[in-house]
Amino acid sequence: METIIDLNEINQQFYSNHALKNISLKLKSGRIGLLGPNGAGKSTLLKILLGLISPTSGEGKVLSESIQSSKVKQRSFFGWGRNNFTLRGTQRGNERLRKKIGYMPEADALIPGLTGIEYVALAGELYGMPRAQAQRRAHEVLTYLELEDARYRRLEQYSTGMKQRIKLAQALIHDPPLLLLDEPTSGLDPAGRDAMLRLLLELGRDFGKSLILSTHLLADVEVVCEQIVILLNGSIRFQGNVDSIRSQQHDRYRLRIQGDNRDFCKDLQLEGIEILSENNRGELRVQVPKEWQTRNFFVLADHHQVILRGLEPDQETLEELFLRMVIVNSPTQVELATK
Amino acid sequence: MVNPQLEKSSLLHYRPWRGELSGSWRPTWAIARTALGLLSRRKLFWGLYGLSVMIFLFFFYGQYLQVFLEQRVTEENIRSGGLFPKNIKPETILHQLQNALQLNGSADTYANFIWFEGYIVMVILALIGSAAIGNDFHHGSLPFYLSKPIGPFHYIFGKCLAVGIFINLITTIPAVLLFIEYGFIDTWSYYWDNLRLFLGIIFYGSLITITLSLLLIATASWVKRTMPMVMIWTVMMVLGRMIQRWLVDGLHLRKEWRLIDIWNDLYLAGHWALGTPHEALRPPWQMQPSYHAALLVIGICIVTCIFYLRKKIQAVEIVA
């Protein structure tokens, strides 16, 4: 698998807002989830990968095209160099890069007044496709995305699901090797969301597209992606594959106890067990350390003469795990080896 | 890599595309064509365009009528037809056409024509600015354009091209047609003797195109919606004219106050390009600022628009 993204110490600052801090990433081709709460810096990172904005400092390569910091680029005007060949080269580099990338923005980004087919064909022409080929390809892509019946309808008349699909269509028109998808399931109902995720999975798994799926929904990443990058406050909090994040999940149990359980609970805590919740009906939710064995619950119950009437595993969901990871204020970056 | 089994199994699957992508200039034409297409879908546009064609036809047949009358000036009276036929002296109409409307193939003919068409251009630009440009900012379509392999310059150039084609359809091209017509009804040497006029028309049209397209894109990206656009253009083109007249003709302040009227500045620049001496500007009682001052104001206006657009598009890139 080839490395598609290689970033080194990327920083992005908008006035006093430090949007990205020392981002160093090496990602191989595949389906990658870029996860983080709102304001984490996901969209900014996508724009840097696309060459839309230049990082304040740092450097990197996306699909073998260089990304340069604004310290170099800011001297150009409208992206055009001023008697400087290398600046013009940067602009051309960005253009070459964007030809290899399909970008699906989070915002609607539709052109009112155009029909679906005109919009997608225009995207093709903007990528540099000849007009006739752009038209033909637009029909193909819209058919693939099941929008063939709506292709002659004005974009204003599209539902949210159709808008999301047509945004995907305009990103796919030139058949790029890499797709940058900014919140592709935003505003979709559950059925629409499933359909969109299925499409993305199919594109990545069966048609060899590399995807970078930016979202704040871990469930979306779970369905589609193999690799995951978690961003928080502009820093990478976790980078690894989805399986490795699962290994970070804590084992949890739901216990139902009959009798006075105060001493039993104290002993549980002494054993390193965290009591997450407890109600006055004797129901406990606990989180156990890795080496804990289930039969130890019964041993302790017998010791404190309480009856353990219920014991069921209650594993931490990936959503809870994600929340736990983003709430931790440790500045150190957790890195797990990609399998 | 595409799974080969899938490729065979369904006709509705994703198909790869193999082809060459061109450079950044072809997309600018696509941007311009799309913007023109959006404009042409508005009925109001066609209504106003029809009005501009009527102004052109008035000048076109006015020139023809003038030549027709010149040939009959020896006759004492021409009997007009219609419901109320009456005798008309050819000299009277000829005087009207030559002196009041200046339909004599001179610099004034073309400058006046473009001046009159300018009213229609202003109204259409004010009404279409939001459809062609403002919506890109209002509906967040700019990231759609800028995420493609084009720069902000290509986007602006594409939009300017659309506005420019439209402006030239109403001003420069009809003015050139009038020039060609006058040559036909005058003598062939008219073309050669008045080459300066032809080049002047092209320069005037280009200046109007550059200035108004940049001004339109700048104002449309600022206010975005149609009604505010109409208000801004009314202030710039109508109120500006009223104020300059009130200041110079009413309060007898310096003639440089006329420079606040951008359409008047373009008119002066046009006359400069057409080679009209400053003292021959019409009407003679209206003191006008120098040609250079008008050109300077237009230059400042263009540069300001370019800087504003650069800043505006950069901001959209960042926040969109």
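Since this is a predicted model, take the numbers as computed values, not measurements.

What to know about the pattern of salt bridges
Move 1: The full count for this structure, using the stated rule, is 19 salt bridges over all chains.
Move 2: Of the charged contacts, one joins Arg33(B) and Glu125(A) as a salt bridge, the two residues approaching to 2.5 Å between their closest N and O atoms. Taken together, the residues Arg33(B) in helix α2 (residues 25-40) and Glu125(A) in helix α4 (residues 116-126) connect one chain to another.
Move 3: Classification of Arg33(B) by relative accessible area gives partly exposed; the value is 21%.
Move 4: By relative accessible area, which is 5% here, Glu125(A) ends up buried.
Move 5: A salt bridge links Arg254(A) to Asp314(A), with the shortest nitrogen-to-oxygen separation between them at 3.2 Å. Placement of the pair is Arg254(A) in strand β11 (residues 251-258) and Asp314(A) in the loop between β14 (307-313) and α12 (318-327), with a sequence separation of 60 residues.
Move 6: Overall, Asp314(A) belongs to the buried group, its relative accessible area being 15%.
Move 7: Counted as one network, the salt bridges with shared partners bring together Glu65(A), Arg96(A) and Lys100(A).

Examining the interface of chain A and chain B
Move 1: Across the boundary between the two partners, chain A contributes 47 residues, which contact 47 residues of chain B.
Move 2: At the junction of chain A with chain B, the criterion picks out 2 salt bridges.
Move 3: A salt bridge links Arg41(B) to Glu118(A), with the nearest nitrogen and oxygen atoms 2.5 Å apart.
Move 4: Taken together, chain A and chain B are joined by 15 residue pairs in polar contact (both at pLDDT 80 or more).
Move 5: Within the residue set of the side of chain A that touches chain B, elements represented by two or more residues are α1 (42-50), α3 (85-99), α4, α5 (131-144), α6 (160-172) and α7 (190-207) of chain A.
Move 6: For the side of chain A that touches chain B, a count of residues per class yields 24 nonpolar, 10 polar and 13 charged.

Digging into the domain arrangement of chain B
All names here are of chain B.
Move 1: Under the domain assignment used here, chain B contains domain 1 (27-61 + 105-314) and domain 2 (73-104).
Move 2: Relative placement of domain 1 and domain 2: their C-alpha centres are 34 Å apart.
Move 3: Taken together, the contacts link 9 residues of domain 1 with 6 residues of domain 2.
Move 4: Here domain 1 packs against domain 2, burying approximately 650 Å² in sum over the two surfaces, 53% of which is carbon and sulfur.
Move 5: A per-residue breakdown of the area domain 1 buries against domain 2 is headed by Phe58, Phe59 and Arg282, which together make up 45% of the total.
Move 6: Counting across the domain 1 and domain 2 interface gives 0 salt bridges.
Move 7: Our count for the contact surface shared by domain 1 and domain 2 stands at 3 residue pairs in polar contact (both at pLDDT 80 or more).
Move 8: For the side of domain 1 that touches domain 2, the leading source of residues is helix α5 (residues 107-138), giving 3 residues.
Move 9: Across the side of domain 1 that touches domain 2, the residue classes break down as 3 nonpolar, 4 polar and 2 charged.

Description of the environment of Gln244(B)
All names here are of chain B.
Move 1: By the element assignment, Gln244 lies in helix α11 (residues 226-250).
Move 2: On the basis of relative accessibility, which here comes to 3%, the residue Gln244 falls in the buried class.
Move 3: As a C-alpha pair, Gln244 and Leu207 span 37 residues in sequence and 22 Å in three-dimensional space.
Move 4: Look past the residues within four positions of Gln244 in its chain and what remains in contact with it is Asp249, Trp257, Arg258, Ile260, Asp261 and Asn264.

Considerations on the side chain of Gln239(A)
Move 1: By the element assignment, Gln239(A) lies in strand β10 (residues 235-241).
Move 2: A relative accessible area of 11% places Gln239(A) in the buried class.

Criteria and thresholds
- Residues numbered from 1 in each chain as written.
- Chains lettered and ligands numbered in written order.
- Predicted model: local features only at pLDDT ≥ 70, side-chain atom pairs only at ≥ 80, totals over all residues.
- Heavy atoms only, no water.
- Salt bridge = Lys/Arg side-chain N within 4 Å of Asp/Glu carboxyl O.
- Helix = DSSP H or I, 4+ residues; strand = E, 2+ residues; numbered from the N terminus.
- Buried < 20%, exposed > 50% of the residue type's maximum accessible area, 1.4 Å probe, protein only.
- Contact = heavy atoms within 4.5 Å.
- Polar contact = N/O pair within 3.5 Å; in protein donor to acceptor, adjacent residues only side chain to side chain.
- Nonpolar A, V, L, I, M, F, W, Y, C, P; charged D, E, K, R; others polar.
- Domains from an automatic or database assignment.
- Buried area = accessible area lost by both parts, 1.4 Å probe.

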